[in-house]
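Here is how the chains run, residue by residue.
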Amino acid sequence: MTRDDSLAPEHVEPLLTGRLGRPYLYAESCDSTQELLGADLPEGALAACDEQTEGRGRLGRSWAAPPGTAILFSLLLRPPPEQVVSELSLVAGTAVAEAVEEAMGLAVQVKWPNDVMLNRRKVAGILAEAADGAVVVGVGLNVNQERGDLPADAKTAVASLYTSDGIKRDRAPLLAAIVSRFEHNYDAWVERGLDGVYDSLGSRDFLRGRRIDVDGESGVGVKIDRDGRFVVDVGGEQRAVESGEIAFER
Ligand code: BTN
């Protein structure tokens, strides 16, 4: 972490232009940013840190990154009750993909339901957890990790932006860009559901056309549908997968 590369408030707050990210809560080190957003905070509250000691991933997994290398944050949201909360991972993933794509000038995809992919490797994961009528959406984006800092045994191959293009980046502007994209996409989703982000999401659908494994059966990815499910073709029959994780053949 260089002196200028920090997620401390003086680096991030001047770059935040919308209503999300306020208040901006920062801890140099914390267990998990998912734990920092109390139910009394308003929608848009954001917690970020430079190190997590007990970072959480989906499906009971952990999420680890050396201090000062990744973007680790959580956002508190209170979507209207009629919205389908599970779609928020796709809304957030699309925002991360758009911001990373703009920063790098490389195509970035969303792997249903919660991964962000660059060159067939996972660079970010999203964790949406509902509690007390609110949803905490956590984002972990691998930015400046070296190859040896990344888990080698993950089911999906993992990369950082640095291992992908050899450029070390300040994280604060990238965090601000993600929050800005997220706000835009979130507002569109609140107004129109997944249709509001579907152009961007559908065009970044990583599993579309790929050979994939569904419950031990081989199939071909068709698309993320407008209800947030993943449609798979298994032997000519189309099935919509509601939740879980889909392995792809590299
Ligand atoms: C996954 O791919 O399994 C989801 C990973 C989510 C990691 C982020 S890092 C910030 C926030 N705090 C956590 O403990 N987890 C999420």
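Check the entry above for the structure.
Basis of the calculations
- The residue numbers shown here count from 1 along each chain, following its written sequence.
- Thresholds applied to this predicted model are a pLDDT of at least 70 for local features of residues and 80 or more for the giving and counting of side-chain atom pairs; totals over whole chains, interfaces and linings are not thresholded and use all residues.
- The basis for every side-chain value is the complete set of non-hydrogen atoms in the structure, without hydrogens or water.
- Stacked, tilted and edge-to-face are the three classes assigned to paired rings of Phe, Tyr and Trp, where Trp is represented by its six-membered ring and a pair needs centres within 6.5 Å; plane angles under 30 degrees give stacked, over 60 edge-to-face, the rest tilted.
- Strands here are runs of E lasting at least two residues and helices are runs of H or I lasting at least four, both read from the DSSP assignment and numbered beginning at the N terminus.
- Categorising residues by exposure relies on relative accessible area from a 1.4 Å probe, with only protein chains included: less than 20% of the type maximum marks a residue as buried, more than 50% marks it as exposed, and the intermediate range marks it as partly exposed.
- Residues enter a nonpolar core if they are buried and are Ala, Val, Leu, Ile, Met, Phe, Trp, Tyr or Cys, with the set joined through side-chain atoms within 4.5 Å.
- Contacts are residue-level and defined by heavy atoms, with any inter-residue pair within 4.5 Å sufficient.
- Pairing between strands requires that DSSP locate at least two bridges from one strand to the other.

1. A short note on the packing of aromatic side chains
- What the rule picks out here adds up to four aromatic pairs.
- Both rings, one in Trp-112 and one in Phe-230, keep their centres 6.1 Å apart while their planes meet at 40 degrees; by these two values the pair is tilted. Of this pair, Trp-112 sits in the loop between β4 (109-111) and β5 (115-118) while Phe-230 sits in strand β10 (residues 230-234), placing them 118 residues apart in sequence. Here Trp-112 and Phe-230 have matching classes, each one buried.
- Taking the centre distance of 5.8 Å and the plane angle of 35 degrees together, the rings of Tyr-186 and Trp-189 count as tilted. Of this pair, Tyr-186 and Trp-189 both sit in helix α4 (residues 171-192), three residues apart, which is roughly one turn of the helix. Judged on exposure class, the residue Tyr-186 and its partner Trp-189 are both buried.
- Ring-pair connections join several aromatic residues into one group, and the members of that group are Phe-182, Tyr-186 and Trp-189.

2. Quick look at the nonpolar core
- Counting 60 residues, the largest nonpolar core has Phe-73, Leu-88, Val-96, Leu-141, Leu-161 and Phe-182 as its most contacted members.
- Of all the elements, helix α2 (residues 88-104) adds the most residues to this core, at ten residues.
- Apart from the residues within four sequence positions on either side, Leu-88 is in contact with Leu-77, Pro-79, Val-135, Val-137, Phe-182, Tyr-186 and Trp-189.

3. Looking at the sheet that holds strand β8 (residues 211-214)
- Spatial strand order, β11-β10-β9-β8-β12: five strands in an open sheet with antiparallel pairing. Each edge of the sheet is formed by a strand with only one pairing partner; in this case those strands are β11 (237-241) and β12 (247-248).
- Two elements, β8 and strand β9 (residues 217-224), share four bridges in a ladder whose sense is antiparallel. Its bridge partner lying in β9, Asp-213 is registered against Ser-218.

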